[in-house]
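An overview of the molecular structure
Here are the chains, one letter per residue:
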Amino acid sequence: MTLNQPKYLIMKVFITALLLLSVSIGFSQEPDYKALKKSLAKLNDSLYISKYEVSNGDYNTFRTYLKSINDTALLQSTQVDSLQWNSKKGNNEPYVKYYAQHPVYQIYPVVTIPYKSALIYCLWLSEQYNKNKKRKFEKVKFRLPTKLEWITAVQAGNKEALYPWDGNSVLRENGACRANFRRSKEEMEKLKNSGPNATIADVLAPVASYWPNKLNIYNLSGNAAEMLLEEGTTAGGSWRNYSTSLSIEAEDPFLDNFAPNRAIGFRWVMEVIKE
């Protein structure tokens, strides 16, 4: 028995829960409309944003649809570039092999895809929604958010906010991280003193991890940096960035290293075209 055994047991229970959850996850050929409806966070009367980053499961549903209609061209252009996980600093072969496809990772954000793949996904989602007979709105358009729309989601009505949470600290009162980001030496020291309440993800975290903001939106800062409508730009920072990249005023850390990237995913907005 070691001092680390409680952490090990907590992680073992967590992984077991993910495995049990993943059993029920299949690669459907169309979106889960009930889940989509529950994921909507309202920004204004004609614009909604997803509470979650697009997951591997979401993206695999899209790719399964392409397979079902035998669209080989789009299948080729929307492939996940898993080789982006390779790194000289460590053995990332398990992520190369399993991250995009293994059932455990279906609730994690999709990464290592090109910008155009995110656009095609949004186009597909728009088409699927607009032909669903039980849809709430007559016509909508799914797309990537603008920087202003992303900021609106982060601030959740508080024009003074720099983060999705109250205050300017990336750590909670007990020392736990408010988001998934790369910790500085000082932050790691604080985490050591926070005991079992510390919250640290191993690389990426599931799309419903950490704490949502006042609009119930998760991971607007940290986890996967999120592609914006303007090609080549992201917002929010990622698990690979220090906390200085998490605020709405931060410089984009991926301007010279855009998608496909193991730290970049995306989140859609839904624009109501016709009620």
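Structure: above.
What you see is a predicted model, and the numbers here were worked out from it, not measured in a lab. (Residues numbered from 1 in each chain as written. Predicted model: local features only at pLDDT ≥ 70, side-chain atom pairs only at ≥ 80, totals over all residues. Heavy atoms only, no water.)

1. Details of the environment of Asn 56
Our working definition: Only DSSP runs of H or I with at least four residues qualify as helices, and only runs of E with at least two residues qualify as strands; both kinds are numbered from the N terminus onward. Whether two residues are in contact is decided by their heavy atoms: any pair within 4.5 Å suffices.
For Asn 56, the location among the structural elements is in helix 3 (residues 56–68). Between the alpha carbons of Asn 56 and Val 111 there is a distance of 8.1 Å; along the sequence they are 55 residues apart. Setting aside residues no more than four positions away along its own chain, Asn 56 makes contact with Tyr 99, Ala 100, Tyr 105, Gln 106, Tyr 108, Pro 109 and Val 110.

2. Some points on the sheet that holds strand 3 (residues 139–143)
Where we set the bar: Here, a strand pair is defined by DSSP locating no fewer than two bridges between the strands. Working convention: axes come from line fits to C-alpha atoms, limited for helices to the stretch in contact. Angles between N-to-C directions cover 0 to 180 degrees.
Taking strand neighbours across the sheet as the criterion, the four strands line up as 1-2-7-3 in an open arrangement whose pairing is antiparallel. The outermost strands of the open sheet, each flanked by one partner alone, are strand 1 (40–44) and strand 3. For this sheet, the mean angle separating the axes of adjacent strands, direction not counted, is 30°. For strand 1 and strand 2 (residues 47–50), the ladder comprises four bridges, and the chain directions are antiparallel. Of the residues in strand 2, the one forming a bridge with Ala 41 is Ile 49. In the packing of helix 6 (residues 115–130) onto the sheet, contacts are made with strand 3 and strand 7 (269–274), and the angle to strand 3 comes to roughly 160°.

3. What to know about the packing of aromatic side chains
The following threshold applies: Planes of paired rings set the category: under 30 degrees apart is stacked, over 60 is edge-to-face and the rest tilted, where pairs are Phe, Tyr or Trp rings (Trp by its six-membered ring) whose centres lie within 6.5 Å. Think of it in three bands: with a 1.4 Å probe and only protein chains considered, a residue is buried below 20% of the maximum accessible area for its type, exposed above 50%, and partly exposed in between. Here, a charge over a ring means that NZ of Lys or CZ of Arg falls within 6 Å of the ring centre while also lying within 35 degrees of the ring normal.
Taken as a whole and judged by the stated rule, the model has 22 aromatic pairs. The interplanar angle of 50° and the centroid separation of 6.5 Å between the aromatic rings of Tyr 95 and Tyr 99 together place this pair among those described as tilted. When sorted by exposure, Tyr 95 lands in the same class as Tyr 99, which is buried. Ring geometry for Tyr 105 versus Tyr 108: centroids 5.0 Å apart, planes at 70°, classification edge-to-face. Sitting over the face of the ring of Trp 211, Arg 172 holds its NZ or CZ atom 4.0 Å from the ring centroid.

4. Brief notes about the pattern of salt bridges
Between side chains of opposite charge, pairing is possible as soon as their charged atoms come close. Heads up, the rule is: We count a salt bridge whenever a side-chain nitrogen from Lys or Arg sits within 4 Å of a carboxyl oxygen from Asp or Glu.
Under the definition given, this model contains seven salt bridges. With its nearest N and O atoms 2.8 Å apart, the salt bridge here joins Glu 149 to Arg 143. Note on accessibility: Glu 149 and Arg 143 belong to one class, buried. What you see here is one network of salt bridges that share partners, running through Arg 143, Glu 149 and Glu 271.

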